[in-house]
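# Structural overview for review
Each chain, written out:
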Number of protein chains: 2
Amino acid sequence: MDRDQKDRDDEASAHERPTLKTLAFMTGLGVTTVSRALKDAPEIGAETRRRVQLVARQIGYRPNRAGVRLRTGKTNVISLVLNTEREIMSFVSDIIYGVSEVIADTPYHLIVTPYSRSQDPLDPVKYLVESGSADGVIISRTQPNDPRARYMLERGIPFATHGRTDMGLVHPYHDFDNYAFAAEAVRHLAGIGRRRLALVAPPVGLTYYGHTVNGFADALGETSASEVPFNTVSIDQSIDQIRTRTAQLMRRDVRPDGFVSSAAAATLAVVAGIEDAGLKLGRDVDVVSKQSSELLHLFRRELLVVNEDFRLAGTELARAVLGWIGGAAPGSLQTVVKPGDVVAYRG
Amino acid sequence: MDRDQKDRDDEASAHERPTLKTLAFMTGLGVTTVSRALKDAPEIGAETRRRVQLVARQIGYRPNRAGVRLRTGKTNVISLVLNTEREIMSFVSDIIYGVSEVIADTPYHLIVTPYSRSQDPLDPVKYLVESGSADGVIISRTQPNDPRARYMLERGIPFATHGRTDMGLVHPYHDFDNYAFAAEAVRHLAGIGRRRLALVAPPVGLTYYGHTVNGFADALGETSASEVPFNTVSIDQSIDQIRTRTAQLMRRDVRPDGFVSSAAAATLAVVAGIEDAGLKLGRDVDVVSKQSSELLHLFRRELLVVNEDFRLAGTELARAVLGWIGGAAPGSLQTVVKPGDVVAYRG
DNA sequence: TCAGTATACTGAAACGTTACAGATTGCCAA
DNA sequence: TTGGCAATCTGTAACGTTTCAGTATACTGA
């Protein structure tokens, strides 16, 4: 079978996916010209360019990802690395939606790379980098000294972290200002007369644990309120654990009359614990909690909430990685979002 | 630069990713032999095979996905097609975790393909098929006559649906038995003396809307209870809408004394509506609700719940697609999971 | 001895793309 | 007329893999 015969076959079999060769045959040009024309290269005549692009659009040409990837090494993939522990009211769907929204009109695909808590969090990142499976990576559960960030920085692969690091290295991130959140929560509680405050903290080890604890402590210092230590609890414990320990705490002589909680799920447990101890929200104790969906006010009207938008986190993180891939300076791709006001139930 | 020189370079630059050529050079064999040896082809000597596999393991060889994909057309990708409307307490993270769990020890990657409600749901599926971006697809929000399933069946691409279709076509699916759920819920409510029941139904148009409505109606027929129509509400409406309409309903003369709710988020709204009308859960009205996380009993102890496991849905759906890709008969990859008992708050 | 055959291996081609190094044409200045 | 140059276009090679069509060697049976 000679070359012309082959091309005619390509053309004839209407249900094969069109390739550059198909376009080349249809336009009477060479594949190189077609390739260059489609990406608006300067050395292609204006009319030729228009002609090629027209035909391409007509027959629904889409570049073969494998071909591009093999030739250029560009995967057109962003990977979101996720811990897969089952969590009540997980925010990962919001992040995914946010990321999706941003990459929707780009050639990028989003792949989800999971790891279980028993694994080293570095494993999935290593896999991605070594197997060259993605052009960019998004990680969460960021630590002050994060081996994953260090590793990717060494290997030169673009990434963004949900939460900041503290290693003196510069990379893109998006973060919620948890220092401000905790401080504002404390001020609000002090403002409504609460004097003994407990903190339901983020997981020890994550960067925003420190931010939250500091915001809590610093704001306490401005007021006449004091801290009731509650270090045995953090928001990644089970509902039952948090609930039990809250109930124990609330049965003690010196019990808190205010809580600051870093997550809505933990708040549900805390409230249950408070009620287990026979106390009443809004009367004996107030709770300020972060939430990512308008849920807590349905749960108990007395709750005081601050909203954190994880969909926004997703869009910002995606923008950051794409920005880095696109050549922007990593240092220019860092955002911190301020919390809104503490809001009480409105009618 | 001659061939040997080139190979030595490949070997020398220790940080390049090893390819079949690297392996061929190291073992002194041809690339073809190495390729065959790695996949246990029969015409390769036992010792050679072992030797190649040893070296491959030592240097951490991983087949280049783009190379494989270009040559064979196999993408090693499963796509999960998702509607990206912001939902309170979304279950998509559970499904993702379930799918991830199953594909973790396979070469498959999971890509998330989103579409917004304004789009035709067929669009993302068409894109996937036309661009050949996945070996298998998982879709949800399945309809009795589902154009996406029909389309993929025509194109011969393996897929699984979350929820059944009703087109006389056979394909893999996983479903929760919503008929049984609704029926069981009605029987339970009747059993505790409730006489006027309302249904908070799934979105009209989805297959499980029919299942739920039928289970509700059939079980009602067995009892002396009757239905209070509540057709203006379905679970994909906003919290505020459901809440308002529930409150309106509960202020009428003939109001329900029992609800069956197909989703936890809707249940929160229904309860709020009930309380807005000045009525009390457990005394004036009982609610049986599905939930996917142990959340509702923290919300109100009086709620009656039935659990639906979306992580299981994820694992079953993934198994189904992989099974079909692996050559199993589509008809053998259909599962329906029975609901557990209606459970009240336990101590 | 020799053809026949099983065993173990191999090079070349192809998948679709892009980068590189030309090739062709027309036009202009000298 | 000719050399030079800009403007367009083109073929070839390469990315890493698998498939195809072999080849070389040793063993078998008659």
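Anyway, here's the lowdown on the structure attached to this text. Within any chain, residue numbers begin from 1 and follow the written order of that chain's sequence. Chains carry letters from A onward and ligands carry numbers from 1 onward, assigned in written order. The model is predicted, so local features are restricted to residues of pLDDT at least 70 and side-chain atom pairs to those at 80 or more, both for listing and for counting; the totals for chains, interfaces and linings are taken over all residues. Calculation of side-chain values draws on the structure's entire complement of heavy atoms; hydrogens and water are dropped beforehand.

### Focus: the environment of A104 of chain A
For the purposes of this entry, the term helix denotes a DSSP run of H or I that reaches at least four residues, the term strand denotes a run of E that reaches at least two, and both are numbered from the N terminus. Positionally, A104 of chain A belongs in the loop between α6 (92-103) and β2 (109-115). Note: C-alpha distance between A104 of chain A and A313 of chain A (209 residues apart in sequence) is 16 Å.

### Focus on the protein's contact with DNA strand C
In the vicinity of DNA strand C, 24 residues are found, and the nearest of them are L20, Y61 and R71 of chain A together with G30 and T33 of chain B. At the protein interface, 61% of the atoms of DNA strand C within 4 Å belong to sugar or phosphate. Under this definition, polar contacts are N or O atom pairs within 3.5 Å; protein pairs additionally need one hydrogen-donor-capable and one acceptor-capable atom, and for neighbouring residues in sequence, both atoms have to be side-chain atoms. G45 of chain B has a polar backbone atom sitting 2.9 Å from a phosphate oxygen of DNA strand C. A distance of 2.8 Å is found between a phosphate oxygen of DNA strand C and a side-chain nitrogen or oxygen belonging to T48 of chain B. Of all elements in the fold, only α3 (31-38) and α5 (65-72) of chain A together with α3 (31-38) and α5 (65-72) of chain B reach the threshold of two or more residues within the surface near DNA strand C. In terms of residues, the surface near DNA strand C owes the most to one element, α5 of chain A, which gives four residues. Near residues are defined by distance, with any heavy atom within 4 Å of the molecule or strand qualifying the residue.

### Section: the nonpolar core
Remark: nonpolar core denotes a set of buried residues (Ala, Val, Leu, Ile, Met, Phe, Trp, Tyr, Cys) joined through side-chain atoms within 4.5 Å. For each residue, the accessible area found with a 1.4 Å probe, counting protein chains only, is set against the maximum for its type, and the residue is called buried under 20%, exposed over 50%, and partly exposed in between. Counting 80 residues, the largest nonpolar core has I96, V137 and M152 of chain A together with I96, V137 and M152 of chain B as the members making the most contacts within it. Listed in part, the 66 residues of the second largest apolar core include V233, L249 and A266 of chain A together with V233 of chain B.

### Quick word on the sheet that holds strand β9 (residues 286-291) of chain A
All names here are of chain A. If DSSP finds at least two bridges between two strands, the strands pair. An order of β7-β6-β8-β9-β10 is seen for the five strands of this open sheet, with the pairing classed as parallel. Strand pairing shows two members of the sheet lacking a second neighbour, β7 (226-227) and β10 (304-307), which therefore form its edges. Note that β9 and β10 share four bridges and pair parallel. Within the sheet, the bridge partner assigned to V288 lies in β10 and is L304. By definition in these notes, contact holds between two residues if any of their heavy atoms fall within 4.5 Å. Orientation is described by axes fitted as lines to C-alpha atoms, over the contacting stretch for helices, and by angles from 0 to 180 degrees between their N-to-C directions. The strands that helix α10 (residues 207-222) touches are β6 (196-200), β7, β8 (258-261) and β9; relative to β6, the one it contacts most, it runs at about 175°.

### Some details on the relation of the copies chain B and chain A
All copies are superposed by least squares; the fitting set is the C-alpha atoms of residues with a pLDDT of at least 70 in both. Screw-axis analysis of chain B against chain A gives a translation of 0.0 Å along the axis, an RMSD of 0.1 Å, and a rotation angle of 180°. In symmetry terms, the pair is related by a two-fold rotation axis. The fraction of interface residues of chain B whose copies in chain A are also interface residues reaches 98%, indicating that both copies meet through the same surface.

### Let's talk about the packing of α3 of chain B against helix α4 (residues 46-59) of chain B
Residue and element names in this part refer to chain B. For the pair α3 and α4, interaxial distance at closest approach is 9 Å and the crossing angle is 90°. Relative to α4, the element α3 is oriented roughly perpendicular. Every residue of α4 that contacts α3 at T33, V34, A37 and L38 is listed here: T48, R49, V52, Q53 and A56. Taken together, the residues of the contact of α3 with α4 break down into five nonpolar, three polar and one charged. Each angle gets one of four labels, with under 35 degrees taken as roughly parallel, over 145 as roughly antiparallel, 65 to 115 as roughly perpendicular, and the rest as oblique. Amino acids outside the nonpolar list (Ala, Val, Leu, Ile, Met, Phe, Trp, Tyr, Cys, Pro) and the charged list (Asp, Glu, Lys, Arg) are all regarded as polar, and Gly is one of them.

### Here we look at the protein's contact with DNA strand D
As a matter of local geometry, DNA strand D sits amid 24 residues, with T32 and T33 of chain A together with L20, Y61 and R71 of chain B nearest to it. Among all atoms of DNA strand D positioned within 4 Å of the protein, those belonging to sugar or phosphate total 59%. Between DNA strand D and G30 of chain A there is a distance of 2.8 Å, counted from a phosphate oxygen to a backbone nitrogen or oxygen. The side chain of T33 of chain A places a nitrogen or oxygen atom 2.6 Å from a phosphate oxygen of DNA strand D. Contributions of two or more residues to the surface near DNA strand D are made by α3 and α5 of chain A together with α3 and α5 of chain B. Residue contributions to the surface near DNA strand D peak at four residues, all from α5 of chain B. Looking at the surface near DNA strand D residue by residue, the class counts come to seven nonpolar, twelve polar and five charged.

### Some words on the packing of helix α7 (residues 122-130) of chain A against helix α8 (residues 147-155) of chain A
All names here are of chain A. Contact pair α7 / α8: the axes reach a minimum separation of 9 Å and the direction vectors enclose 15°. As judged from the angle between their axes, α7 and α8 are roughly parallel. Like other packed secondary-structure pairs, α7 and α8 cross with a definite hand, here right-handed. Contact residues: α7 offers L122, V125, K126, V129 and E130, while α8 offers P147, R148, Y151, M152 and R155. Crossing handedness follows the turn of the near helix against the far one: under a right angle anticlockwise gives a left-handed crossing, and clockwise gives a right-handed one.

### Here we look at α8 of chain A
Residues and elements named next belong to chain A. Listed as buried for α8 are R148, A149, Y151 and M152. Viewed end-on, α8 has its buried residues packed into an arc of 160°, placing them on one side of the element. Lining the buried residues of α8 we find β2, α7, β3 (136-139) and β4 (159-162). G156 sits one or two positions beyond α8 and adopts a positive phi of about 75°. In this context, the arc is that of the directions from the helix axis out to the C-beta atoms.

### Focus: the sheet that holds strand β9 (residues 286-291) of chain B
Residue and element names in this part refer to chain B. Pairing in this open sheet of five strands is parallel, and the strands run β7-β6-β8-β9-β10 from one edge to the other. Since the sheet does not close on itself, it has two edges, and those belong to β7 (226-227) and β10 (304-307), each with one partner. Here strand β6 (residues 196-200) runs beside β7; their pairing, made up of two bridges, is parallel. Bridge assignment links L197 to a residue of β7, and that residue is E227. Packing against the sheet, helix α9 (residues 178-191) makes contact with β6, β8 (258-261), β9 and β10, and its axis sits at approximately 165° to β8. Of the strands in this sheet, β6, β7, β8 and β9 touch helix α10 (residues 207-222), which is tilted by about 175° from β6.

Keep in mind these values describe shape, not function.
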